Amino acid sequence: MNPVFGRARSTSTLRAAAALGAMGLALATSALAGPGAGVGAASSHREAPLTAADPQVDNTDLYAFTSPDKQDTVTLVANWLPFQEPNGGPNFYPWADGAHYDINIDSQGTGKPDLTYRWTFHTEDQRGTNTFLYNNGVVNNLTDPTLLFRQYYTLQEIRSGCEPRTLVEHGTAAPSNTGKASMPNYGQLRSQATVQLPNGGQTVATQAADPFFLDLRVFDLLYGGNLSEVGQNTLAGYNVNTLSIQVPKSELAYKGDATRNPVIGVWSSTEKRTMKLSPGKEEPTGKYVQVSRLGNPLVNEVVVPAGLKDAFNALPPSEDHNQPAVVAKVLDPEVPKLVQAIYGLPAPATPRTDLQEIFLTGIAKATGGPFAVDLNSQLMNQDVNPKRFVPAEELRLNMSTPVTANPNRLGILAGDFQGFPNGRRLGDDVVDIALQVMEGATPGNLIGALAAGDGVNQADQPFAAAFPYVALPYAKAVNRAN
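Residues numbered from 1 in each chain as written. Predicted model: local features only at pLDDT ≥ 70, side-chain atom pairs only at ≥ 80, totals over all residues. Heavy atoms only, no water.

1. Structural notes on the overall build of the protein chain
Of regular secondary structure, the protein chain possesses 11 helices and 12 strands. Burial statistics for the protein chain: of 482 residues in total, 55% are counted as buried. Across the protein chain, the fraction of contacts at a sequence separation of at least 24, relative to all contacts at a separation of at least 6, is 66%. Roughly 19,200 Å² of accessible area belongs to the protein chain as shown, and the carbon and sulfur atoms make up 52% of that amount. (Helix = DSSP H or I, 4+ residues; strand = E, 2+ residues; numbered from the N terminus. Buried < 20%, exposed > 50% of the residue type's maximum accessible area, 1.4 Å probe, protein only. Contact = heavy atoms within 4.5 Å. Areas by Shrake-Rupley, 256 points an atom, 1.4 Å probe, with all protein chains shown as cover.)

Set out below in structure tokens:
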């Protein structure tokens, strides 16, 4: 079931590269045309009006990849609550009590979850009327009495047609990092918060350095109009709240068979109840409502028009193909026309069936799209019913793609096909790939004038070699991060 991309497939490879580049540059530059340009538009940070006003439930990024050090497992990383200034006390950055933080798996291609991992948090705040401090002394352990604000979670495994199964009853979330004096060894706290799962996996709820990296001066007429404004990782210094889970591939695959059915679709989502406000307190009421979702990076920011962003956040992927206004923006995107107007680069011909395949169906021969390769559509799974397949916006991962021994940030341009859009690794540099292929780069043949890209080739903090892979959170103020 592994896709084969070699010299014999050079034509298909270049077509895939061109499509990925077109998509990436389009996504990276679309904010040139509208409001919201600036730091608030990175990846899926603050992408829709309602979630921008409710950051605790705002999905920022989603990653899905075969664990490089445990290759019979997959690691899923989902982030929430963007742009956390490390010194933002005294209440710092808690998870929302009672909200449903979900990572969903579609193994059949129906747009519906066959499996959902759901974290639900509750808070124990011991500060009362005695202090304003998050902690009133050094915190070396999660059980130290000096930690006055604690959050716990229940983790459920919800499978279609089955009763929910509780995997973690009373897990402890790692706290926000309040600083070196308060938490001199945050790595130890994160390790203590990591919980082993009954199926052989593990999970952690923690704060982390935001893993997404790029120079957001892309919004200043694409790096100043002449690539003079590059080299600044605009997200350096900011933290996010992270849920990471590592599970055996058999847990995710259709019918538990990752050999016959290796492709999954993944998206994260958040549900919450309406809050009834009264002086000094709030009380949840009514049913749970989905308020945020995220599959592929940047889709809701810059593909979905502003007037549809909140509605898109509320939709299940199974309904995406029934939304003509959204599909139209995929097939005939605005951004390539803007790039043509600014830089004179000819916009690709429409309809953009290449983007439809990347975003909505996955790449496979069976989808009937422009790519003549099998990469990451659930239609590649041998046991699925193709009549139930629907186009749906999901981050698709082929779990049988071998782990790249030496991952290359340029992915497809370097012949490394394990990364986005075949899942997403923490180090995938989508912006540089996009800039290159839009100018005609091919694998092994980069465009010299764009060799430096945006000058941001990796995250500010190195990723860890083992679960949960994300870097430890920053402790210094953003204006001192570098």
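And the narrative resumes.
2. Focus: the sheet that holds strand β1 (residues 59–66)
Across the sheet, which stays open at both edges, the five strands sit in the order β1-β2-β9-β8-β7 with antiparallel pairing between neighbours. In this open sheet, the two strands that pair with only one neighbour each are β1 and β7 (195–196). As paired elements, strand β8 (residues 202–209) and strand β9 (residues 239–248) share eight bridges and run antiparallel to each other. Residue pairing across strands places Q202 opposite Q246, the latter belonging to β9. Running over the sheet, helix α3 (residues 186–193) touches β7 and β8 and is turned about 150 degrees from β8. (Pairing = 2+ DSSP bridges. Axes fitted to C-alpha atoms, helices over the stretch in contact; angles between N-to-C directions.)

3. Focus on empty space enclosed by the protein
Applying the stated rule across the entire model yields nine cavities of 30 Å³ or more. The space that makes up the second largest cavity amounts to roughly 120 Å³. When contributions to the lining of the second largest cavity are tallied by element, the ones reaching two or more residues are β5 (149–159) and β8. Ranked by residues supplied to the lining of the second largest cavity, first place goes to β5 with three residues. Class assignment of the residues belonging to the lining of the second largest cavity gives a composition of 10 nonpolar, six polar and one charged. (1 Å grid on protein atoms, 1.4 Å probe; cavity = no way out; pocket = protein on both sides within 12 Å on 5 of 7 lines; lining within 4 Å. Points joined across faces, edges and corners; volume = space filled by probe spheres on them. Nonpolar A, V, L, I, M, F, W, Y, C, P; charged D, E, K, R; others polar.)

4. What about the nonpolar core?
Looking at soluble globular proteins, one finds that nonpolar side chains tend to be buried together. Counting residues in each nonpolar core, the largest one holds 37 residues, and the members touching the most others are Y101, Y117, W119, F121, L155, I245 and L252. Each residue touching L155, except ones within four places of it in the same chain, is listed here: Y117, R118, W119, R165, T166, L167, V168, L197, T203 and I245. Among the nonpolar cores identified, the runner-up in size contains 33 residues, and F65, F83, F149 and L214 belong to it. (Core = buried A, V, L, I, M, F, W, Y, C linked by side-chain atoms within 4.5 Å.)

5. Let's talk about the packing of aromatic side chains
Per the stated rule, a full pass over the model turns up 11 aromatic pairs. Note on W80 and Y101: the rings are 5.1 Å apart at their centroids and 85 degrees apart in plane angle, and the pair reads as edge-to-face. Here the residue W80 occupies a position in strand β2 (residues 73–84), and Y101 occupies one in strand β3 (residues 100–106), the gap between them amounting to 21 residues. For W80, a relative accessible area of 0% gives the class buried. Given the relative accessible area of 0%, Y101 is considered buried. Members of the aromatic cluster, joined through ring pairs, are W80, W95, Y101, F121 and Y153. A cation over a ring is seen here: R273 above Y288, with NZ or CZ 6.0 Å from the ring centre. Between R293 and the ring centre of F312, over which it is positioned, the NZ or CZ distance is 4.1 Å. (Phe/Tyr/Trp six-rings, centres within 6.5 Å; stacked < 30°, edge-to-face > 60°. Lys NZ or Arg CZ within 6 Å of the ring centre and 35° of its normal.)

6. Notes on the side chain of S67
Within the element layout of this structure, S67 appears in the loop between β1 and β2. In this structure the side chain of S67 is engaged in a polar contact, spanning 2.7 Å, whose partner is the side chain of T75. Separated by 3.0 Å, the side chains of S67 and Q246 make a polar contact. With residues up to four places along the chain from it excluded, the contact list for S67 reads T73, V74, T75, Q246 and Y469. (Polar contact = N/O pair within 3.5 Å; in protein donor to acceptor, adjacent residues only side chain to side chain.)

7. Quick notes on the confidence of the model for the protein chain
Chain-level statistics for the protein chain give a pLDDT mean of 83 and a share of 84% at 70 or above. Confidence drops under pLDDT 50 across residues 1–43; counting only partners more than four residues distant or on other chains, this segment forms 118 contacts. (pLDDT = per-residue confidence, 0-100.)

8. Notes on the pattern of salt bridges
Per the counting criterion, the structure on display carries 15 salt bridges. Salt bridges linked by common partners bring E157, R159, R165 and E251 together as one network. (Salt bridge = Lys/Arg side-chain N within 4 Å of Asp/Glu carboxyl O.)

9. Things to note about the environment of D215
Positionally, D215 belongs in the loop between β8 and α4 (221–227). Look at D215 and you get buried, because its relative accessible area is 0%. Placed 241 residues apart in sequence, D215 and V456 show a C-alpha to C-alpha distance of 6.5 Å. With near-sequence residues (within four places) excluded, D215 lies in contact with Y223, E229, V230, G231, Q232, T234, D454 and V456. Reaching out from D215, the side chain makes a polar contact with the backbone nitrogen of G231 at a distance of 3.1 Å. A polar contact of 2.9 Å, which involves the side chain of D215, links it to the backbone nitrogen of Q232.

10. Comments concerning the packing of helix α8 (residues 324–331) against helix α10 (residues 353–361)
Interaxial distance between α8 and α10 falls to 8 Å at its minimum, and their mutual angle equals 120 degrees. Taken as axis vectors, α8 and α10 run oblique relative to one another. Note on element contacts: α10 touches α8 through T353, L355, Q356 and F359, opposite V327, V330 and L331. Grouping the amino acids of the contact of α8 with α10 by side-chain chemistry returns five nonpolar, two polar and no charged. (Parallel < 35°, antiparallel > 145°, perpendicular 65-115°, else oblique.)

11. Things to note about the side chain of T270
Tracing the backbone through its elements, the reader meets T270 in strand β10 (residues 263–278). Owing to a relative accessible area of 0%, T270 belongs among the buried residues under this scheme. Within the structure, the side chain of T270 is placed 3.0 Å from the side chain of N59, a separation counted as a polar contact. Those residues in contact with T270, other than ones at most four positions away along the chain, are V57, N59, W80, H100, Y101, V289, Q290, V291 and S292.

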